[in-house]
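Listed here are the chains, written in short residue letters.
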Amino acid sequence: MISLRKMKILAAIVEAYTETAEPVGSRTISKKYEFGISPATIRNEMSDLEDLGYIIQPHTSAGRIPSDKGYRLYVDNLMQQKKLTDREINFIKKTISNNVTRIDYLLKETAKAISLLTNYTTIMTEPITNKSKIKFLNFIPIDKKTLILVIVTNDNNAKNFTLKVNVPKKLDYISKIINKNLTESDIIDSNFYDKIFEQIGFENKNFMQKVIDAINSMEEVRIYTSGIKNILAFPEFHNFEKAQNIFEALEHHHLLSSIFNQDLQNDIEITIGAENQIDLFKDCSLIKTNYVISKDTFANIGILGPTRMNYSQVVSLLNAVESVLCNFVNEL
């Protein structure tokens, strides 16, 4: 337990450091915040906070910055949710209302909007459906050895695959056979492919194998990012090695998919610095949540920034997006 006065001073240090990226001294706090105590008293309280591990002295200056432990105390006990401006709320509403008929595109544009409003990096998954089934397939030939396979699921989510294969002469017939069997059989049914081969002929086995591989890859969750370059705007990442670590992690989508789980259920989860399970994010904070699109469909979204990120702003934005998104999707 720490005193209320120490907690107020810690909050002041967090907020001042978030704004300036400069270590915060007792005189700065004394001038900016009306605590009714002298700079000497503030220095004593800051010394105690340092001993307790809530703030650290980055170099020989008199200023202090929050530690991961200090940010955790601030986020869990001191942070007040920021009130969004009318401009921010209208921007969110406009973004969502303009794209609500295309769930995958909607989420990409929403992620882009959040990056623009926060200047942080957004990481998100495509819509994930717990009970997804294939509704139909469509083949679009490009040339004799290339075609586009479009797979549409029962939640109207579409995925495109480029197949490098000899395009069958009876492509329309094969498409009809596959889609007819889709309506009569579960795609997981082991007899599904045998039924297809019986009707289209085993001479099309190589073609069908490419289709099967694409169907199987449907289980892989795609990751999208927005505002990756935003990280370079923060002085913490002017160090080449730190910036390189972030970019390296953002390029490995299998790593990014590991940071999400399905148990958030619209709750917001904040991981700070060394709490992140990805070591390359140890200099960052990540705020993440799930957005429920329908009963069985949801998407994960995370906001990545420096540990001195504006937690209050991001949490408020994520809550606002969730509210607006649910309203529009329910109306749809």
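Described in the following lines is the structure provided in the data block. (Residues numbered from 1 in each chain as written. Predicted model: local features only at pLDDT ≥ 70, side-chain atom pairs only at ≥ 80, totals over all residues. Heavy atoms only, no water.)

**Focus: the overall build of the protein chain**
- Per the secondary structure count, the protein chain includes twelve helices and eleven strands.
- Against the 2.2 N^0.38 benchmark of 20 Å for 332 residues, the protein chain shows a C-alpha radius of gyration of 26 Å, more extended than a compact globule.
- Overall size of the protein chain, expressed as C-alpha extent along the three principal axes, is 85 × 45 × 35 Å.
- In the protein chain, the proportion of contacts linking residues at least 24 apart, taken out of those at least 6 apart, comes to 58%.
- When the accessible surface of the protein chain is summed, it comes to about 17700 Å², and 48% of that surface belongs to carbon and sulfur atoms.
- Separation between the mean location of the 39 positive side-chain charges and that of the 40 negative ones in the protein chain comes to 5 Å. (Helix = DSSP H or I, 4+ residues; strand = E, 2+ residues; numbered from the N terminus. Rg over C-alpha atoms; globule rule 2.2 N^0.38 Å. Contact = heavy atoms within 4.5 Å. Areas by Shrake-Rupley, 256 points an atom, 1.4 Å probe, with all protein chains shown as cover. Lys, Arg positive; Asp, Glu negative; His and termini not counted. Charge placed at Lys NZ, Arg CZ, Asp CG, Glu CD.)

**Thoughts on helix 5 (residues 86–99)**
- The first and last C-alpha atoms of helix 5 sit 20 Å apart over 14 residues, in line with the 20 Å expected at 1.5 Å per residue.
- All of the buried residues along helix 5 are Glu88, Ile92, Thr95, Ile96 and Asn99. Along the axis of helix 5, the buried positions cluster into a sector of 90 degrees, meaning they face one direction only. Opposite the buried face of helix 5, at more than 90 degrees from it, the exposed residues are Asp86, Arg87, Lys94 and Asn98. (Expected span 1.5 Å × (residues − 1). Buried < 20%, exposed > 50% of the residue type's maximum accessible area, 1.4 Å probe, protein only. Arc of directions from axis to C-beta.)

**A few points about the sheet that holds strand 7 (residues 158–164)**
- Pairing is antiparallel across the open sheet formed by three strands, whose spatial order is 5-6-7. The sheet terminates laterally at strand 5 (134–143) and strand 7, the two strands that pair on one side only. Pairs of neighbouring strands in the sheet enclose a mean axial angle of 20 degrees, with direction left out of account.
- Looking at chain direction, strand 5 and strand 6 (residues 146–153) are connected through eight bridges and run antiparallel. Of the residues in strand 6, the one forming a bridge with Pro141 is Leu147. (Pairing = 2+ DSSP bridges. Axes fitted to C-alpha atoms, helices over the stretch in contact; angles between N-to-C directions.)

**Brief notes about the pattern of salt bridges**
- Using the criterion set out here, one finds eleven salt bridges in the structure.
- A salt bridge links Arg64 to Glu50; its shortest N-O distance comes to 2.8 Å. Of the two residues, Arg64 is situated in the loop between strand 1 (55–56) and strand 2 (65–66) and Glu50 in helix 3 (residues 39–51); the sequence distance between them amounts to 14 residues.
- You can call Arg64 buried: its relative accessible area is 15%.
- Among the ionic contacts, a cluster of salt bridges with common partners joins Arg5, Lys6, Glu45 and Asp48. (Salt bridge = Lys/Arg side-chain N within 4 Å of Asp/Glu carboxyl O.)

**Some points on the packing of aromatic side chains**
- Scanning all chains against the criterion turns up four aromatic pairs.
- Where Tyr33 meets Phe35, the ring centres are 5.7 Å apart and the plane angle is 15 degrees; that geometry is what we call stacked.
- Overall, Tyr33 belongs to the buried group, its relative accessible area being 19%.
- Their ring planes at 50 degrees and their centres at 5.5 Å tell us that Phe139 and Phe207 sit as a pair that is tilted. Highlighted residues: Phe139 in strand 5 and Phe207 in helix 9 (residues 205–216), separated in sequence by 68 residues. (Phe/Tyr/Trp six-rings, centres within 6.5 Å; stacked < 30°, edge-to-face > 60°.)

**So, the packing of helix 5 against helix 6 (residues 103–118)**
- It is at 8 Å that the axes of helix 5 and helix 6 come closest, and there the two elements cross at 160 degrees. The orientation of helix 5 with respect to helix 6, classified from their angle, is roughly antiparallel. Between helix 5 and helix 6 lies a crossing of right-handed hand. Contact residues: helix 5 offers Arg87, Glu88, Phe91, Ile92, Thr95, Ile96 and Asn99, while helix 6 offers Tyr105, Leu106, Glu109, Thr110, Ala113, Leu116 and Leu117. (Parallel < 35°, antiparallel > 145°, perpendicular 65-115°, else oblique. Left-handed = near helix turned anticlockwise from the far one by under 90°.)

**Brief notes about the nonpolar core**
- With 70 residues, the main nonpolar core has Ile29, Ile92 and Phe281 as its most contacted residues.
- With residues up to four places along the chain from it excluded, the contact list for Ile29 reads Ile9, Ala12, Ile13, Val24, Phe35, Ile42 and Met46. (Core = buried A, V, L, I, M, F, W, Y, C linked by side-chain atoms within 4.5 Å.)

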